[in-house]
Amino acid sequence: MTATPVRPHRIAVLLLDPVLPLDAGIPLQVFGRATLPEYEVTTASLGGRPVRAAGGLTVTPDHDLGALRDADTVMVPGYARADAPLDPEVLGALRAADARAARMVSICSGAFALAQAGVLDGLRATTHWERCAELAERYPRVTVDPDVLYVDEGRVLTSAGVAAGIDLCLHVLRRDHGSSVANAMARSIVAAPRREGEQRQFIEYADAPSGEDALSATRAWMLSVLHEPLTVARMAEHARMSERGFARHFTAQTGLPPLRWLQSQRVEYAKQLLESTDLPVDEVAARSGLGSPANFRIHFKRATRVAPLAYRKSFGTAA
């Protein structure tokens, strides 16, 4: 018997006038590549009409709003006139997609479109840090977080401004197909494989030490000894800094305090081991530095919302 081919996951990218070109290009660059046949990406606009792009370009979409009716995921890139009322047809298409449980995703000011359609009511969300206060004021039923790269509320996801759209799209890819696929894509588009959603949108570097990244050697060393007990004192000694100065500069450069950053890297390494090896859980716990098997399960589930063996079942090589 011939196996029935699996239908690609359909992504409709809704272009709103005037669209921000980088925001619109990110989902096309990540999900529209020939190396990812699992996705079928299309662009749409009101009436299928060409859409102006900030900076003087004009973009001709593939389809009209009908593309949203069949989409598994609807993505709304940022647009410059996010304070303007949307056409009723656009609002209706967004509400219909949300009502049938399509995954709803926004990049940058695209969150204003989802909020205007009521998709974000009762949820936590984010947008570009410069417009977070405006989003919160205009849509009080949305809990706006101005200090994160992206927010994952399950079926509804929002990202901060511009480049944070890359982080969100890689996160979606990781959710759909695991870290190995997402990391390969990150290498292909020359992006950081993973910046946690809880990292700050906007990081002040004024107090950081001189040099492109004075702490990069210490971070690389930390990654090489994840299995060992690491304290801030030991990290600071490696960096040849005081503990207080090290903690301040580390947080300024990464957006996370040293121990929280270390914990996130240990969880990420544990994910890689669960995906790519058949090591028992106690060995994964030891190699990642997450303690006893019992503590490992607690920390891993707190970070990922699933138990280690359930994660391996979903994202491991066998899966």
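Look above for the structure.
Residues numbered from 1 in each chain as written. Predicted model: local features only at pLDDT ≥ 70, side-chain atom pairs only at ≥ 80, totals over all residues. Heavy atoms only, no water.

Asker: Looking at this structure, how should I read the overall build of the protein?
Answerer: When its secondary structure is counted, the protein shows 13 helices and 10 strands. The C-alpha radius of gyration computed for the protein amounts to 21 Å, which stays within 12% of the reference 20 Å derived for 319 residues, consistent with globular compactness. Overall, the protein is about 60 × 60 × 35 Å in size when its C-alpha atoms are taken along their principal axes. For the protein, the proportion of its 319 residues judged to be buried stands at 48%. Taking contacts inside the protein between residues at least 6 apart in sequence as the whole, the part at least 24 apart equals 64%. When the accessible surface of the protein is totalled, it reaches about 15600 Å², and 53% of it is carbon and sulfur. Of the charged side chains in the protein, 36 are positive and 36 negative, and the gap between their average positions amounts to 4 Å. (Helix = DSSP H or I, 4+ residues; strand = E, 2+ residues; numbered from the N terminus. Rg over C-alpha atoms; globule rule 2.2 N^0.38 Å. Buried < 20%, exposed > 50% of the residue type's maximum accessible area, 1.4 Å probe, protein only. Contact = heavy atoms within 4.5 Å. Areas by Shrake-Rupley, 256 points an atom, 1.4 Å probe, with all protein chains shown as cover. Lys, Arg positive; Asp, Glu negative; His and termini not counted. Charge placed at Lys NZ, Arg CZ, Asp CG, Glu CD.)

Asker: Please clarify how helix α12 (residues 293-304) should be interpreted in this entry.
Answerer: Along an α-helix, residues three or four positions apart point the same way, because every turn accommodates 3.6 residues. Counted at 1.5 Å a residue, the expected span for α12 with its 12 residues is 16 Å, and the 16 Å between its end C-alpha atoms agrees. For α12, the full list of buried residues reads Phe-296, Phe-300 and Thr-304. Taken end-on, α12 shows its buried residues confined to a sector of 35 degrees, consistent with a single buried face. On its buried face, α12 is in contact with α10 (258-276), α11 (281-288) and α13 (308-315). One or two steps after α12, the chain reaches Arg-305, where phi turns positive at roughly 75 degrees. (Expected span 1.5 Å × (residues − 1). Arc of directions from axis to C-beta.)

Asker: Any chance you could explain the sheet that holds strand β10 (residues 156-159) here in plain terms?
Answerer: Within a beta sheet, neighbouring strands are joined by backbone hydrogen bonds and run either parallel or antiparallel to one another. A sheet is described by the order of its strands in space; here 6 strands give the open sequence β2-β1-β5-β6-β10-β9, paired in mixed fashion. The open sheet has two edge strands, β2 (39-44) and β9 (150-152), and neither has a second partner. Averaged over all neighbouring strand pairs, the angle between strand axes comes to 15 degrees, with direction disregarded. Inspection of the sheet shows strand β6 (residues 103-106) paired to β10 by 3 bridges, in the parallel sense. Looking across to β10, one finds that Met-104 is bridged to Val-156. The strands touched by helix α5 (residues 164-177) within the sheet are β2, β5 (73-76), β6, β9 and β10, with β10 carrying the most contacts at an inclination of about 150 degrees. (Pairing = 2+ DSSP bridges. Axes fitted to C-alpha atoms, helices over the stretch in contact; angles between N-to-C directions.)

Asker: Sorry if this is basic, but what is going on with the nonpolar core here?
Answerer: Across soluble globular proteins, you tend to see nonpolar side chains buried next to one another. Of all hydrophobic cores here, the largest spans 36 residues; its most connected members are Leu-94 and Met-104. Those elements that provide at least two residues to this core are β1 (9-14), β5, α2 (88-99), α3 (110-116) and α4 (132-138). Not counting chain neighbours up to four residues away, the residues in contact with Met-104 comprise Val-74, Leu-94, Ala-97, Asp-98, Leu-114, Val-119, Arg-155, Val-156 and Leu-157. (Core = buried A, V, L, I, M, F, W, Y, C linked by side-chain atoms within 4.5 Å.)

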